[in-house]
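The residues making up each chain are set out below.
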Amino acid sequence: MIAALPDPPTPASILTLIQGIERHDPGAPAALAFRSALFRAGMEADAAGGHAALVALVDAVAAADPERADARTAILCAAWADLLPGPNG
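Note that the structure is a prediction, hence the values are computed from the model and not measured.

Draft legend 1. Seen up close, the overall build of the protein. Counting secondary structure elements, the protein contains three helices and zero strands. Helices (α) and strands (β) of the protein occur, in sequence order from the N terminus, as α-α-α. Burial analysis of the protein (89 residues in total) assigns 27% to the buried set. Intrachain contacts of the protein at a sequence separation of at least 6 include 61% that bridge at least 24 residues. For the protein, the computed accessible surface area is about 5,600 Å², with 61% contributed by carbon and sulfur atoms.

Now the structure itself:
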């Protein structure tokens with residue numbers, strides 16, 4: 001039997017993880033656990049749709065709350081640094 005791939009993460013699921021990070025001090029165990037989960041979600045998104053899927057999630061998170069867009073984009077870029085395309089594409 002072939003195992004089904006998990007559904008790719010949604011913007012709502014990514015926002016939930018980011019909100020978990022925001023609620024805790026950066027070095028707190030809970031924040032580290034949320035960051036780890038965010039990295040795994042990025043790996044799933046990348047596996048499902050490549051860089052386009054990651055960029056779409058970053059854009060959706062930024063659009064969801066323009067006042068927090070910069071901080072949340074920074075969280076995603078830090079978590080997904082090895083997954084996101086560089087400045088030259």
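Structure's up, so let's keep going.
Draft legend 2. Structural view of the nonpolar core. In this structure, Ile-14, Ile-18, Leu-38, Leu-54, Val-61, Leu-76 and Trp-80 are the most contacted members of the largest nonpolar core, which totals 18 residues. Elements with a minimum of two residues in this core: helix H1 (11-22), helix H2 (29-64) and helix H3 (69-79). Examining the composition of this core, we find that eight residues originate from one element, H2, more than from any other.

Draft legend 3. Fine view of the pattern of salt bridges. The full count for this structure, using the stated rule, is three salt bridges. Here Arg-68 makes a salt bridge to Glu-22, at a shortest N to O gap of 3.7 Å. Note that Arg-68 is positioned in the loop between H2 and H3 and Glu-22 in helix H1, a separation of 46 residues in sequence. A salt bridge links Glu-22 to Arg-72; its shortest N-O distance comes to 2.9 Å. Of the two residues, Glu-22 is situated in helix H1 and Arg-72 in helix H3; the sequence distance between them amounts to 50 residues. Since its relative accessible area comes to 32%, Glu-22 is described here as partly exposed. A residue is classified by how much of its surface remains accessible, and Arg-72, at 3% relative accessible area, is buried. Ionic contacts of the salt-bridge type, sharing partners, join the residues Glu-22, Asp-65, Arg-68 and Arg-72 into one network.

Draft legend 4. Region of interest: the packing of H1 against H2. Close contact between H1 and H2 brings their axes to 9 Å; oriented N to C, the two are set at 140°. Crossing angle aside, the handedness with which H1 passes H2 is left-handed. For the pair H1 and H2, the contacting residues are Pro-11, Ile-14, Leu-15, Leu-17, Ile-18, Gly-20 and Ile-21 in the first and Ala-31, Phe-34, Arg-35, Ala-37, Leu-38, Ala-41, Leu-57, Ala-60, Val-61 and Ala-64 in the second. The residue inventory of the contact of H1 with H2, partitioned by class, reads 15 nonpolar, one polar and one charged.

Draft legend 5. Molecular detail of the environment of Ala-37. Along the chain, Ala-37 turns up in helix H2. Taking relative accessible area as the criterion, Ala-37 reaches 18% and is therefore assigned buried. Along the primary structure Ala-37 and Leu-17 are separated by 20 residues, whereas in three dimensions their C-alpha atoms are 7.3 Å apart.

So, how was this worked out
Residues numbered from 1 in each chain as written. Predicted model: local features only at pLDDT ≥ 70, side-chain atom pairs only at ≥ 80, totals over all residues. Heavy atoms only, no water. Helix = DSSP H or I, 4+ residues; strand = E, 2+ residues; numbered from the N terminus. Buried < 20%, exposed > 50% of the residue type's maximum accessible area, 1.4 Å probe, protein only. Contact = heavy atoms within 4.5 Å. Areas by Shrake-Rupley, 256 points an atom, 1.4 Å probe, with all protein chains shown as cover. Core = buried A, V, L, I, M, F, W, Y, C linked by side-chain atoms within 4.5 Å. Salt bridge = Lys/Arg side-chain N within 4 Å of Asp/Glu carboxyl O. Axes fitted to C-alpha atoms, helices over the stretch in contact; angles between N-to-C directions. Left-handed = near helix turned anticlockwise from the far one by under 90°. Nonpolar A, V, L, I, M, F, W, Y, C, P; charged D, E, K, R; others polar.

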